Amino acid sequence: MLFPARLVMLSALLLGSAAMGAESGQSDWSRVGGPASGQASVIGSPAAGCLKGAVSLAEDEHSFQVLRPSRNRHWGHPATIRFVQDLARAAKGEGITGPLLIGDMAQPRGGPMPVGHGSHQNGLDVDIWFRLPAKPLSRAEIETPKPITMVNGTEIDEESWTPAQARLLELAARAPQVDRIFVNPAIKKAVCRATSANGDRDWLRKLRPWWGHDEHFHVRLSCPADSPDCERQKPMPEGDGCGEELDSWSAKPTWPAPPSRPHIQSRPLPDACAGLARKG
């Protein structure tokens, strides 16, 4: 019979071993430098998935710039790449100055990242910064970019939030291939207030409040037609989400965003992902 102290020690060792195993599996995905060959296909969900036939986002510094390219997280399904390119063109056409700053997308074959995200695994997620620089960032700035928060407590920061950020968010939400966009609750509240009650408010439903997301918005696309193994997201509630659903977030901590911690994969990956991180 084990004494309580030994039971605690044994449990800690077992949990530590499990965590190390999970982190080791996640690092396999981050070590793969290029995509898996074959037709583009999204497998699984954003929080438990992978990706075949991924495409990298090639920078166009006058329209958009890829942040921290050394992390090699600028990959996605071709639909995600087209979305970023189309959004950048639309923003430029609206007179939104400066290149869009594109944050994390997915690793070359998707899968869990060792740190920073629990999602972004199947090539349909992309982070887009609210910061709109007056001119393209230098190479050094791209690797160590400085974000700008749009939030002060539970309200919008009037000094940083402008009509340009609001319009960029609307352009993204109105894209038919976008399933949902995660934003800080304070940002959704500001957009709800600014949108005419008599106008088209359907696109507001796509804006989903979530902690953090005060410096960027997180776009998630719908499953593409060429990916039967893609797991669809649960339907969103009816309505624009500007009422009681949004009010319930006011009592929750929304700013600043919690620090990044090592991610431990809790959901198993689909069988179709097996071995994909180790193939040539």
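Source: prediction; values computed, not measured.

## Comments concerning the pairing of strand 2 (residues 48-52)
Phase 1 of the analysis: With four of five residues buried, strand 2 is to be regarded as a mostly interior element.
Phase 2 of the analysis: As paired elements, strand 1 (residues 41-45) and strand 2 share five bridges and run antiparallel to each other. Residue pairing for strand 2: Val-42 is matched across the bridge by Leu-51.
Phase 3 of the analysis: From the end of strand 1 to the start of strand 2, which pair antiparallel, there are two residues.

## Quick word on the packing of aromatic side chains
Phase 1 of the analysis: Enumeration over the complete set of coordinates arrives at three aromatic pairs.
Phase 2 of the analysis: Centre to centre, the rings of Phe-130 and Trp-161 are 5.5 Å apart; their planes meet at 70°, and the pair counts as edge-to-face. Linking Phe-130 in the loop between strand 7 (125-129) and helix 3 (139-143) with Trp-161 in the loop between strand 9 (155-156) and helix 4 (163-174), this pair joins segments that are 31 residues apart in sequence.
Phase 3 of the analysis: Residue Phe-130 is classed as buried on the basis of its relative accessible area of 0%.
Phase 4 of the analysis: Relative to Phe-217, the ring of Phe-130 has its centre 5.2 Å away and its plane inclined at 45°; by these criteria the two rings are tilted. One end of the pair, Phe-130, is in the loop between strand 7 and helix 3; the other, Phe-217, is in strand 12 (residues 216-221), and 87 residues separate them in sequence.
Phase 5 of the analysis: In textbook terms, an aromatic cluster arises when at least three aromatic residues are bridged by ring pairs, as seen for Phe-130, Trp-161 and Phe-217.

## What about unusual backbone geometry?
Phase 1 of the analysis: In this model, Asn-72 sits at a positive phi of 60°, which is unusual for a non-glycine residue.
Phase 2 of the analysis: Among the structural elements, Asn-72 can be located in the loop between strand 4 (64-66) and strand 5 (75-76).
Phase 3 of the analysis: The phi dihedral of His-213 falls on the positive side, at around 50°, and the residue is not glycine.
Phase 4 of the analysis: Of note, His-213 is situated in the loop between strand 11 (207-209) and strand 12.

## Quick notes on the side chain of His-213
Phase 1 of the analysis: Assessed through its relative accessible area of 12%, His-213 is described here as buried.
Phase 2 of the analysis: Here the side chain of His-213 touches Trp-211 through a polar contact of 2.9 Å, landing on its backbone oxygen.

## A closer look at the layout of surface pockets
Phase 1 of the analysis: Each pocket or cavity is described by its volume, and for the second largest pocket that value is around 210 Å³.
Phase 2 of the analysis: Forming the boundary of the second largest pocket are 15 residues, of which Trp-161, Ala-166, Ala-190, Val-191 and Ala-194 lie nearest the centre.
Phase 3 of the analysis: At the level of secondary structure, the elements contributing two or more residues to the lining of the second largest pocket comprise helix 4 and helix 5 (185-194).
Phase 4 of the analysis: Per element, the largest residue contribution to the lining of the second largest pocket is five residues, and it comes from helix 4.

## Digging into the state of the cysteines
Phase 1 of the analysis: By the definition in use, this model includes three disulfides.
Phase 2 of the analysis: The disulfide bridge from Cys-50 ends at Cys-273, spanning 2.0 Å between sulfur atoms. Between Cys-50 and Cys-273, the disulfide has an S-S torsion of -95° and is therefore left-handed. Pair noted here: Cys-50 is in strand 2 and Cys-273 is in the segment after helix 6 (244-247), with a separation of 223 residues, a long-range link. Per residue, the accessibility class of Cys-50 equals that of Cys-273, and both read buried.

## Considering helix 5
Phase 1 of the analysis: When you tally the buried positions in helix 5, you get eight out of ten residues, the bulk of the element.
Phase 2 of the analysis: Along helix 5, the residues that are buried comprise Pro-185, Ala-186, Ile-187, Lys-188, Lys-189, Ala-190, Val-191 and Cys-192.
Phase 3 of the analysis: Residues of helix 5 that are buried sit in contact with strand 8 (151-152), strand 9, helix 4, strand 10 (178-183), strand 11 and helix 6.
Phase 4 of the analysis: Residue Asn-184 occupies the N-cap position of helix 5, its side-chain oxygen lying 2.9 Å from the main-chain nitrogen of Ala-186.

## Describing the pattern of salt bridges
Phase 1 of the analysis: A full pass over the atoms with the stated rule returns 16 salt bridges.
Phase 2 of the analysis: One salt bridge connects Arg-180 with Asp-179, and the closest N-O pair in it is separated by 2.4 Å. Asp-179 carries the same exposure label as Arg-180, and that label is buried.
Phase 3 of the analysis: The network of salt bridges with shared partners includes Glu-94, Arg-167, Glu-170, Arg-174 and Asp-200.

Rules behind the numbers
Residues numbered from 1 in each chain as written. Predicted model: local features only at pLDDT ≥ 70, side-chain atom pairs only at ≥ 80, totals over all residues. Heavy atoms only, no water. Buried < 20%, exposed > 50% of the residue type's maximum accessible area, 1.4 Å probe, protein only. Helix = DSSP H or I, 4+ residues; strand = E, 2+ residues; numbered from the N terminus. Pairing = 2+ DSSP bridges. Phe/Tyr/Trp six-rings, centres within 6.5 Å; stacked < 30°, edge-to-face > 60°. Polar contact = N/O pair within 3.5 Å; in protein donor to acceptor, adjacent residues only side chain to side chain. 1 Å grid on protein atoms, 1.4 Å probe; cavity = no way out; pocket = protein on both sides within 12 Å on 5 of 7 lines; lining within 4 Å. Points joined across faces, edges and corners; volume = space filled by probe spheres on them. Disulfide = S-S within 2.5 Å. Contact = heavy atoms within 4.5 Å. Salt bridge = Lys/Arg side-chain N within 4 Å of Asp/Glu carboxyl O.

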